[in-house]
Amino acid sequence: MKIKHIISLSLICFVFGNLSAQNPWPQTTKTAKPWTRWWWMGSAVDEKGLDKQLISLNKAGFGGVEIVPIYGAKGFEKQYIDYLSPEWMKMLRFTTDKAKSLNMGVDMAVGTGWPIGGPQVSEQDAATKMIVQTYTIQPNEKFSEKITPKDEKQKDLKTVKIDIVTAYNEKNEAVVLIDKINGDGSLNWKPTSGKWTIYAVFTGKTLQKVKRAAPGGEGFTLDHFSSDATKDYLKTFDKAFGSSNYGIRSFFNDSYEVYNADWTPDFKEEFKKRRGYDLSPYIKYLVSNEENEIAGRVKSDYRETLNELILNNFTKDFTNWAHSKNSKNTNQAHGSPGNLLDLYAAVDIPESETFGSTKFDIQGLRRNAEDINTKEIPDINMLKFASSAANITGKSLISNESFTWLTEHFKTSWSQVKPEAEQIFLSGINHIFYHGTTYTPADVQFPGWLFYASTNFVPQNSLWPNIKGLNSYIERTQAVLQSGKSDNEILMYWPVYDQWASPKGKDMAFKIHNIEKWLHPTLFYENLEKLGKSGYSLDMVSDKMIGGAKSENQNIQVAKNGGSYKVLIIPQLNYLSESTLKNILDLAQNGASIIFQSEPKDVPGYFEVEKRRNELQSLWNKIPFQEEGNLKSATFGKGKIVFSSDVEKALEYLKIEREKLTDTGLKFVRRQFDGGKYYYIVNHTSKEINQNIPLNFFGKQVALMNPENGDFGVVQTQDNSVRVQLKSGESLIIKASENIDSSIPKWKYVEKTDAPIVLNQPWQLSFKEGGPELPKSRTLDKIQPWTNFTEDASTQSFSGTGVYTTTLNLKKKNADDYLLKFDKLYESAKVIVNGQDAGIVWSLPFEINIGKYLKQGKNTIQIEVCNLMANRIRYMDQNKIQWRNYHEINFVNIDYKPFDASNWKVQPSGLDGEIQLIPMFYSK
C-alpha cells in the first residue's frame, strides 16, 4: 500500500506541479476537479452502493458530489428513506466520511427536487400570489356582492386575506376602501356620482408543490419574499443536523422556478417602507393591462421591492444560516424576480446553468439536428451574471450546472462536452458541476437508474473508461482558473430599471430560458457581444455595487478582494436613479474613468418623480463636457468622463487596451496571480492557428501549458507577441510571469512533418467489455467501424469497448516525435503502444503523440475504443426490455415526450477512415 501511495503522489506532482521547481502548473485540489450533481432516487441508498459509486467517481477523477434527492424507481419502494430522517442522516454521514477518506467533497441541496420547499412549509409560509378581482358599481347603487375570493381552491385556505380595495371612477380618481370592508366581505360604501370600478387584491397561495420531490420532501414551495418563511423552513435542517454540518461543504439551492408567486403577506407594508408611498391608490396600474407611464413607474417600484425582499428575506438569510453551520452556500439566482447580480453576490458560491447545445465551428464536431434542442442555446453573456458578481465581490469559486440536455440521451460524447465546458470557462466560471450522476444500487443492471434531464455521467456509461481524459482536462484548467483572481478591466452597468419599467405584466423573472425576450434585444447585450469579440474583458455591475465602490489609483474596486477595474461603462439607457448617478460622479471625482453611451433620460419609479428628475438633471449638468472630435469628454475631479455613442472609440480615447489576439478568432479569459497573469486561450474556429499573437502582458518569462496532457515549456517572445500552434478545437494556457525559473524546459514547437505512415495493414478486432453480448473477434483488411458488419446482429446492439490491434514495422526512428492521427473515432480511445499506456484520445482533433513509446523495428499498437450507449438502449427498446420504470415523469426524450429508442439509427462505433503516423520535428 505504501508503494502505491508513493507512485500516485509522484504522478500528481508530474501532472500538476508546484511540488517541483520545473513545473509551472498550480497545485491541484479536489475543488479543481469536476464535481457532479448526484441524484438519490427515492433516497433508496445503502452503504454498499454509496461506497461503490464514490470509489468509481474518485477513480474517474471527480472531486466531489452534490446530493439532490428526487423521486424513486418503481419496485424499490421498500428501500426508500424519508428525507432528513435519522436513517437518511446516517446515510449522509456515511457518504461524507467515505468522501473524506477519498479526498472528495460533498454538497447537498436544502430540499428535494426543486424548487425549495417540503412538508415543513405551512400554508402561511407557502409561495404567495395576488388574487385580483374587479367589480363595477353605479352611483347611489347599494353594492350587494361580497368582496371575497371567488377561486374555490382559495376559499378554504385560512391564510387568504384581503389586502387592498380601491375604487376608480372614469376620471381615474381613486378612493381607498379597505376600511369600508366588513368582516363578511360586504362593502359599506356607495358613490354619489359616476361609474366606478373596484379593484380588490387578496393574499392568496400559488399551491405549487415541490417538483420531482423525494419521499419525505413533498410539500408546498416556499415564499421566498418572507424572512419568517425562510427561517421556519431552515429550522427543520437545524433539527436534523443539530450542532454539526455532517461534513457538508456547501448547502445548495436550485434555480428559482416558483410560478405565479408575486406577493407576500406583508408586501403592502414593505412597499410603503421601501418606496415611500402607499400602493393602494395605484393598484390599478399594477394589476391592469394599461400601458402608460404611471403603470410603468408603479410596476418598476413593485419589481424593485420584490428584488429587495428576495435578496434580504431569502438569499441573505440562507447565507447566514449556512455560515451558522460552518458551511458555505451555493445558489442559482437565475429565474428570480430580482437583480441577478446582487442575488449572486449575496452567496458564497454563485451558480449559473447551461441548458442545450452551442453551435461551434470546430472541424469534425458532431451536432445532429435530431439530437439537440434547437430552441435552447447556451449564452456566454448569461453565464457572466454569476461570474461578474463573484469577480466584483472577490469570491474565489463560481460554479455551473453543466451540460443539461446537451444532446439526446445516450448520444453525448466527451468530445462534445469539451467545447461546452470551454465556453463555461471563457465566461469566467471555474467550478463545473456535471448534470449529472444518478445513484444506482450495486446490484442493479445496465443501464442503472437514470434521471430524465441528464447527460449521463454514470459508471454504466460505455464511455466511462475514458472519462478520465475529460476530467483531467477540466482539472488542469480549473486549477489555473481558480488561482489568483479575475483580471477584467471593464465594468459595465446593467440598466435593470429599463427592464423593470416595462408597463407589461407584473413580476419579472430573469430566466435562462427566455433571454431572447429580456436580454438579447437590449443595447446592453449588443455592447457585451461587441466588446467581447473585440478583445475586451468585462464584468457587469449593479446599482448596489456601484454604491459600494471606491476609486483608488484611477481604478474602481467594490470589495477588498474583488477585481480592480480601469473604467465603468454606462450603456445607452432610459432610466438611471439620481442616487446611482451621484455615486458614479463620486467615483469620477476620486479618479475613476467613466463612459456614458447616452444621457440618462429619466429616473425610475413614481415617488417624488419631479424632484428626483430635477436632481438627476442637475447632477448631469455638473459634467463640463468639451467636444473632442466625435466624442465629448470632461475632467471631473481627479477622473475623466467620456460621452460617446461608440463605446470602443471612447475606450481607445481613454487608452484602455484590448487584447488583439481575438482578431485571429481565438477566445480567452485572463487571470492575475501574484507576480503574473494566466491566459486561457481556446480555438473554436474551423482553422488551425499557427502564428504569433499579441498579448497585453508578458512579464519576464512566458510559459505555454497544455491543459489536455499537462505538457509545458518556456518560449521566447518577439515584438510583444508569442507564437501559438492551435488546431481547431484545441486550447492552451499562457503563463506570463515576472519571475524567471530557468529550470523549466523549453516548449516544443512543431517545425515540420514528414510524409505520414498510413496504417493500412490488417487489424485484429476483439471486444473486452460491454453488452448485451460481446461480438466475435475478427481480422480486418482495413480499419472500419464494427457496426459495418451488419450480418452480425451483436455488432448493431453492442455498447462497450472494442480493441483494434496491429503491428507496425518502423524501419527507422529518426523523428523527434510521432503523431498518431485518427480520421474518424466513434467515440473515444485508450492507446497502448508496446504494452505501455500512451494516453486517451477523447477530444477533437483525434490525435496523440506516441513517439516515446515507439521503437525501431516491430511495434504493437492497440486501440481500445469506447462507443455510445445508444445502440444497446436501442436494442433494449426494440426487444421490450424494461429499463425505465420510475415514478413522476419517468423518462422522456429531449422534446419531453415519452422516450423510445427503438426507431433510432445504429450509431457508428469504432474506427473509420485512415489512421496515420506522422513523423514530427521540433524547433531547436
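Computed from a predicted structure; not experimentally measured.

1. Notes on the overall build of the protein
Part 1 of the argument: In terms of regular secondary structure, the protein is built from 21 helices and 43 strands.
Part 2 of the argument: By the compact-globule yardstick of 29 Å for 924 residues, the protein fits well, its C-alpha radius of gyration being 31 Å.
Part 3 of the argument: Taking the principal axes of its C-alpha atoms as reference, the protein extends roughly 110 × 75 × 50 Å.
Part 4 of the argument: The proportion of buried residues among the 924 residues of the protein is 61%.
Part 5 of the argument: A total of about 36,700 Å² of accessible surface is found on the protein, and carbon and sulfur atoms cover 46% of it.
Part 6 of the argument: Charged side chains of the protein number 112 positive and 108 negative; the gap between the two group centres comes to 3 Å.

2. What about the packing of helix α2 (residues 47-59) against helix α3 (residues 86-101)?
Part 1 of the argument: Close contact between α2 and α3 brings their axes to 10 Å; oriented N to C, the two are set at 30 degrees. Accordingly, the angle class assigned to the pair α2 and α3 is roughly parallel. Like other packed secondary-structure pairs, α2 and α3 cross with a definite hand, here right-handed. When α2 is examined against α3, the residues E47, L50, D51, L54 and I55 are found in contact with a partner set consisting of K90, M91, F94, T95, K98 and A99.
Part 2 of the argument: Looking at the contact of α2 with α3 residue by residue, the class counts come to 6 nonpolar, 1 polar and 4 charged.

3. A word on the sheet that holds strand β11 (residues 328-331)
Part 1 of the argument: Spatially, β1-β2-β3-β10-β11-β12-β13-β14 is the arrangement adopted by the 8 strands of the closed barrel, whose pairing is parallel. On average, each strand axis in the sheet is tilted by 30 degrees relative to the strand beside it, whichever way the strands run.
Part 2 of the argument: Bridge analysis of strand β1 (residues 35-41) against strand β2 (residues 64-70) gives 7 bridges, and the strand direction is parallel. Bridged to W35 within β2 is G64.
Part 3 of the argument: Of the strands in this sheet, β1, β2 and β14 (431-438) are in contact with α2, which crosses β1 at around 160 degrees.

4. Brief notes about the packing of helix α10 (residues 380-393) against helix α11 (residues 414-426)
Part 1 of the argument: One way to put it is that α10 packs onto α11 with a least axis distance of 9 Å and a crossing angle of 50 degrees. Relative to α11, the element α10 lies oblique. Residues I380, L383 and K384 of α10 form the contact with α11, whose own contacting residues are Q423, I424 and L426.
Part 2 of the argument: Classifying every residue of the contact of α10 with α11 gives 4 nonpolar, 1 polar and 1 charged.

5. Considering the pairing of strand β30 (residues 712-715)
Part 1 of the argument: The two faces of β30 match: F712 and V714 on one face and G713 and V715 on the other face are all buried.
Part 2 of the argument: Pairing between strand β29 (residues 701-705) and β30: 4 bridges, direction antiparallel. Across the sheet, M705 pairs through a bridge with F712, a residue of β30.
Part 3 of the argument: From the end of β29 to the start of β30, which pair antiparallel, there are 6 residues, and G710 there has a positive phi angle of about 85 degrees.

6. So, the packing of aromatic side chains
The geometry of two aromatic rings is summed up by the distance between their centres and the angle between their planes.
Part 1 of the argument: Enumeration according to the criterion identifies 62 aromatic pairs in this entry.
Part 2 of the argument: Between F410 and F891 the ring centres are 6.2 Å apart and the planes differ by 20 degrees, which places this aromatic pair in the stacked class. Here F891 lies in the loop between α21 (870-878) and β43 (910-922) and F410 lies in the loop between β13 (399-404) and α11, a separation of 481 residues in the sequence.
Part 3 of the argument: For F410, a relative accessible area of 5% puts it in the buried group.
Part 4 of the argument: On the numbers, 5.6 Å between centres and 50 degrees between planes, the contact of W620 with F625 is tilted.
Part 5 of the argument: The ring centre of Y168 lies 5.4 Å from the NZ or CZ of K284, which sits over that ring.
Part 6 of the argument: We note K411 situated over the ring of W904; from NZ or CZ to the ring centre the distance is 4.1 Å.

7. Describing unusual backbone geometry
The phi torsion of most residues other than glycine is negative, and most of the peptide bonds are trans.
Part 1 of the argument: Following H435, the chain continues to G436 via a peptide bond in cis, the omega torsion being 0 degrees.
Part 2 of the argument: Checked against the element boundaries, G436 lands in strand β14.
Part 3 of the argument: Positive phi, normally seen in glycine, also occurs at K880, with a value near 55 degrees.

8. Section: the side chain of D163
Part 1 of the argument: Relative to the helices and strands, D163 resides in strand β6 (residues 161-169).
Part 2 of the argument: Judged by relative accessible area, D163 falls into the buried class, the value being 5%.
Part 3 of the argument: With near-sequence residues (within four places) excluded, D163 lies in contact with I178, V201, F202, T203, W263, P265 and K268.

9. Regarding the sheet that holds strand β26 (residues 667-673)
Part 1 of the argument: The 6 strands lie next to each other as β15-β26-β27-β32-β29-β30, forming an open sheet whose pairing is antiparallel. The sheet is open, and its two borders are formed by β15 (485-486) and β30, each paired with just one other strand.
Part 2 of the argument: With respect to the sheet, α11 is in contact with β26, β27 (676-682) and β32 (731-737), its orientation differing from that of β27 by roughly 145 degrees.
Part 3 of the argument: Seen against the sheet, helix α12 (residues 467-481) touches β26, β27, β29 and β32 and runs at an angle of roughly 145 degrees to β27.

10. Some details on helix α6 (residues 267-275)
Part 1 of the argument: Every buried residue of α6 is listed here: F267, K268, E270, F271 and R275. Axial view of α6: buried residues confined to an arc of 160 degrees, hence all on one face.
Part 2 of the argument: Those residues of α6 that are buried are in contact with β6 and α8 (293-324).
Part 3 of the argument: G276 lies just past α6 and shows a positive phi near 90 degrees.

11. Points about the pattern of salt bridges
Part 1 of the argument: Overall, the coordinates contain 49 salt bridges when judged by the stated rule.
Part 2 of the argument: A salt bridge links E293 to R297, with the shortest nitrogen-to-oxygen separation between them at 2.9 Å. Of this pair, E293 and R297 are both found in helix α8, 4 residues apart, which corresponds to roughly one turn of the helix.
Part 3 of the argument: Between K821 and E847 there is a salt bridge; the shortest N-O distance is 3.5 Å. One end of the pair, K821, is in strand β38 (residues 817-826); the other, E847, is in strand β41 (residues 847-849), and 26 residues separate them in sequence.
Part 4 of the argument: Assessed through its relative accessible area of 29%, K821 is described here as partly exposed.
Part 5 of the argument: One salt-bridge network, held together by shared partners, links E270, K273, R274, R275, E304 and E308.

12. Some thoughts on the pairing of strand β37 (residues 799-810)
Two faces belong to every sheet, and in a regular strand the side chains alternate between them.
Part 1 of the argument: Counting buried residues in β37 gives 9 out of 12 residues, a clear majority hidden from the surface.
Part 2 of the argument: Relative to strand β42 (residues 857-866), β37 runs antiparallel, the two sharing 10 bridges. In the strand pairing of β42, T806 is matched with I861.

13. Some words on the confidence of the model for the protein
Part 1 of the argument: Summing up the model confidence of the protein, the mean pLDDT is 95 and the portion of residues at 70 or higher is 98%.
Part 2 of the argument: With pLDDT under 50 throughout, residues 1-21 is counted as low confidence; its partners more than four residues away or in other chains account for 27 contacts.

Rules of the game
Every chain is numbered on its own, with residues counted from 1 as its sequence reads. Reporting of local features is limited, given that this is a predicted model, to residues whose pLDDT is at least 70; pairs of side-chain atoms are given and counted only at 80 or more, and all residues count toward the totals for whole chains, interfaces and linings. The basis for every side-chain value is the complete set of non-hydrogen atoms in the structure, without hydrogens or water. Strands here are runs of E lasting at least two residues and helices are runs of H or I lasting at least four, both read from the DSSP assignment and numbered beginning at the N terminus. Both definitions apply: the radius of gyration is a C-alpha atom measure, and the globule rule equals 2.2 Å times residues to the power 0.38. The rule is simple: take the accessible area with a 1.4 Å probe, protein chains only, and divide by the maximum for that residue type; under 20% is buried, over 50% is exposed, in between is partly exposed. To be clear on the numbers: accessible area is Shrake-Rupley with a 1.4 Å probe, and residue cover counts the displayed protein chains and nothing else. Neither His nor the chain ends contribute to the count of charged residues, in which Lys and Arg are positive and Asp and Glu negative. Where a charge lies is defined by one atom per residue type: Lys uses NZ, Arg uses CZ, Asp uses CG and Glu uses CD. Here the axes come from fitting lines to C-alpha atoms, over the contacting stretch only for helices, and the angles between their N-to-C directions go from 0 to 180 degrees. Angle categories: roughly parallel below 35 degrees, roughly antiparallel above 145, roughly perpendicular from 65 to 115, and oblique for all the rest. In this scheme, a crossing is called left-handed if the near helix is turned counterclockwise away from the far one by less than a right angle; it is called right-handed if the turn is clockwise. Any two residues having at least one pair of non-hydrogen atoms within 4.5 Å are treated as being in contact. Charged means Asp, Glu, Lys or Arg here, nonpolar means Ala, Val, Leu, Ile, Met, Phe, Trp, Tyr, Cys or Pro, and polar covers whatever is left, Gly included. Pairing between strands is defined by DSSP: at least two bridges between them are needed. Two rings belonging to Phe, Tyr or Trp (six-membered ring only in the last case) form a pair when the distance between their centres is within 6.5 Å. Interplanar angles under 30 degrees mark stacking, angles over 60 mark edge-to-face geometry, and anything in between is tilted. In this analysis the charged atom, NZ for Lys or CZ for Arg, is taken to sit over a ring once it is within 6 Å of the ring centre and within 35 degrees of the ring normal. Read the arc as the range of directions from the helix axis to the C-beta atoms. Counted as salt bridges are all cases of a side-chain nitrogen of Lys or Arg within 4 Å of a carboxyl oxygen of Asp or Glu. In predicted models, pLDDT denotes the confidence assigned by the predictor to each residue on a 0 to 100 scale.

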